[in-house]
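One letter stands for each residue in the lines below.
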Amino acid sequence: MNVDGKNYRTIWFKSDDSDVVCVIDQLLLPHQFVVEEINSFTKMVAAIKDMKVRGAGLIGAAAGYGMYLAAVKASKTKDFEKEFINMAYILKNTRPTAVNLAWAVDRQFKDISSAETIDEKLKIACKTAINIADEDVACCRQIGLNGVKLIEEISRNKNGETVNILTHCNAGWLAFVDYGSATSPIYEAFHRGIKVHVWVDETRPRNQGANLTAWELLNHGVPHTIIVDNTAGHLMQHGLIDLVITGADRVTNSGDAANKIGTYLKALAAKDNNVPFYIALPSSTFDWAISDGLKEIPIEQRNADEIKYIQGLSNGEITKVLITPLNSPARNFGFDVTPSRLITGFITERGICKSDRSSILKLYPENK
Ligand code: MRU
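Residues numbered from 1 in each chain as written. Predicted model: local features only at pLDDT ≥ 70, side-chain atom pairs only at ≥ 80, totals over all residues. Heavy atoms only, no water.

Caption draft 1: Here's a closer look at the overall build of the protein. Scanning the protein from N- to C-terminus turns up 12 helices and 20 strands. Its C-alpha radius of gyration of 20 Å places the protein within 12% of the 21 Å reference for a compact globule of 368 residues. With the C-alpha coordinates of the protein rotated into their principal frame, the extents come out at 65 × 55 × 45 Å. At a minimum sequence separation of 6, the contacts of the protein that also span at least 24 residues come to 73%. In the form shown here, the protein has an accessible surface area of approximately 15,800 Å², with 50% of it arising from carbon and sulfur atoms. For the protein, the distance from the average site of its 41 positive side-chain charges to the average site of its 43 negative ones is 2 Å. (Helix = DSSP H or I, 4+ residues; strand = E, 2+ residues; numbered from the N terminus. Rg over C-alpha atoms; globule rule 2.2 N^0.38 Å. Contact = heavy atoms within 4.5 Å. Areas by Shrake-Rupley, 256 points an atom, 1.4 Å probe, with all protein chains shown as cover. Lys, Arg positive; Asp, Glu negative; His and termini not counted. Charge placed at Lys NZ, Arg CZ, Asp CG, Glu CD.)

As structure tokens, then:
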């Protein structure tokens, strides 16, 4: 995507040193745009845990690159296999909810299993990291081309009046390698000249909506308005939302979807107000092994300080301030699960389907 006239992905190998991975430090957005160079496995683990890189698709890609850095580190030890397996375990445990991360680690394992020499393993791990990122871009692009049909239809029904779309968290290009999932159909509609406007949930506690989605849309010139997390129900009651599109971190084979905390409440409000509620996701976000989202999807709980302190710009400096009584306890659940019955459908790279097992498997028959 375009930042100040320059095209960026969210993760790439440094052009003159493939042992260095470049990422955009998302902790500094929207105030500073800084590219960070990650030159070790340990630094990649920290970047994922601390959310310098975040978002299901991007942490999948980061895990792909992380496994390459793990292979580099393991190649300098006496026992490649043992060290590589240990590091894979560490990576998988950095963030538990988004399945893309574990998927990318397993994919690296599978791909390098055929290699006989360490050199071969390194070459394959490097190629696989690039492939995972490229495939993420291709999937997100296709999600845009498929999802735009929904926006076109609403626009037609409204005789070309503005289509108002609600999104939650950041499922934009910053959460993937490029394009995004939920935002990809929106960017496509915007490019086609369809009038769109996006309601951006701020998405407490980390404010991915207010900090990241808004920054993306602004950069791109897409009309948008930031709202506090509790506003959407009111807007729906007054006919001000035509469509909800969010991303997902893990979707079961029966269509239950884990996404950023608060998504479930949007889905309930959408159901009550007959607003279509879609989830956009690439196939790497499906967890084909599970069917009961409430029981089987692990929900990440993060440090309570993310609730108690808020980050912003003050006198040109990025600062954190305490916004609660210092000694009040807080609990920070990162995600919730929206049951399939509340989801109108999924927008995937293979097309749009209803949120039930047989419709999902019609698109992905190889996972039957
Ligand atoms: O910022 P994160 O990594 O905690 O949040 C995960 C997400 O990106 C969102 O839940 C998003 O909507 C899923 S789509 C990438």
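Caption draft 2: Up close: the site of the ligand. The ligand sits among 17 residues. The nearest are Arg-95, Gln-208, Asp-249, Asn-259 and Lys-260. Within the side chain of Arg-95, a nitrogen or oxygen atom sits 2.7 Å from an oxygen atom of the ligand. With respect to the ligand, the side chain of Lys-260 contributes an N or O atom lying 2.7 Å from an oxygen atom. Its free accessible area being 400 Å², the ligand has 100% of it covered by the protein chains. Looking at the shell around the ligand residue by residue, the classes come out as eight nonpolar, five polar and four charged. Each of domain 1 (2-135) and domain 2 (161-367) gives at least three residues to the shell around the ligand. (Near = heavy atom within 4 Å. Polar contact = N/O pair within 3.5 Å; in protein donor to acceptor, adjacent residues only side chain to side chain. Nonpolar A, V, L, I, M, F, W, Y, C, P; charged D, E, K, R; others polar. Domains from an automatic or database assignment.)

Caption draft 3: Inspection of the packing of aromatic side chains at higher detail. Within this structure, the stated rule accounts for 12 aromatic pairs. Taking 4.8 Å as the distance between ring centres and 70° as the angle between the ring planes, the aromatic pair formed by Phe-13 and Tyr-65 counts as edge-to-face. Of the two residues, Phe-13 is situated in strand 3 (residues 11-14) and Tyr-65 in helix 2 (residues 56-75); the sequence distance between them amounts to 52 residues. For Tyr-65, a relative accessible area of 3% translates into the label buried. When the ring of Phe-80 is compared with that of Phe-84, the centres are 5.3 Å apart and the planes differ by 25°; the resulting orientation is stacked. Of this pair, Phe-80 and Phe-84 both sit in helix 3 (residues 80-92), separated by four residues, roughly a single helical turn. Of note, Lys-260 hangs over the ring of Phe-335, and the distance from its end group to the ring centre comes to 4.0 Å. (Phe/Tyr/Trp six-rings, centres within 6.5 Å; stacked < 30°, edge-to-face > 60°. Buried < 20%, exposed > 50% of the residue type's maximum accessible area, 1.4 Å probe, protein only. Lys NZ or Arg CZ within 6 Å of the ring centre and 35° of its normal.)

Caption draft 4: Representation of the nonpolar core within the structure. If you look at the biggest cluster of nonpolar residues, it comprises 43 residues, and the most contacted ones within it are Ile-11, Val-21 and Met-44. When residues of this core are traced back to their parent elements, those giving at least two are strand 3, strand 4 (17-24), helix 1 (41-49), helix 2, helix 3, helix 4 (99-112) and helix 5 (118-157). Broken down by element, this core gets its largest block of residues, 14 residues, from helix 2. Sequence-distant contacts of Met-44, defined by excluding residues within four places in its chain, comprise Ile-11, Val-21, Ile-38, Ala-62, Tyr-65, Gly-66 and Leu-69. Counting residues in hydrophobic clusters, the runner-up holds 32 residues, among them Met-1, Val-163, Ile-194 and Val-198. (Core = buried A, V, L, I, M, F, W, Y, C linked by side-chain atoms within 4.5 Å.)

Caption draft 5: Inspection of the sheet that holds strand 9 (residues 243-246) at higher detail. Here we have seven strands laid out as an open sheet, ordered 8-7-6-9-12-19-20, and mixed in their pairing. The open sheet terminates on both sides in strands that have one partner only, identified here as strand 8 (224-227) and strand 20 (351-354). Adjacent strand axes in the sheet meet at a mean angle of 25°, parallel and antiparallel pairs treated alike. As paired elements, strand 6 (residues 163-167) and strand 7 (residues 196-201) share five bridges and run parallel to each other. (Pairing = 2+ DSSP bridges. Axes fitted to C-alpha atoms, helices over the stretch in contact; angles between N-to-C directions.)

Caption draft 6: The arrangement of the sheet that holds strand 13 (residues 286-287) in detail. Read across the sheet, four strands follow the order 13-10-11-18 without closing on themselves; strand pairing throughout is mixed. Both edges of this open sheet fall to strand 13 and strand 18 (335-338), since each of them pairs with a single strand only.

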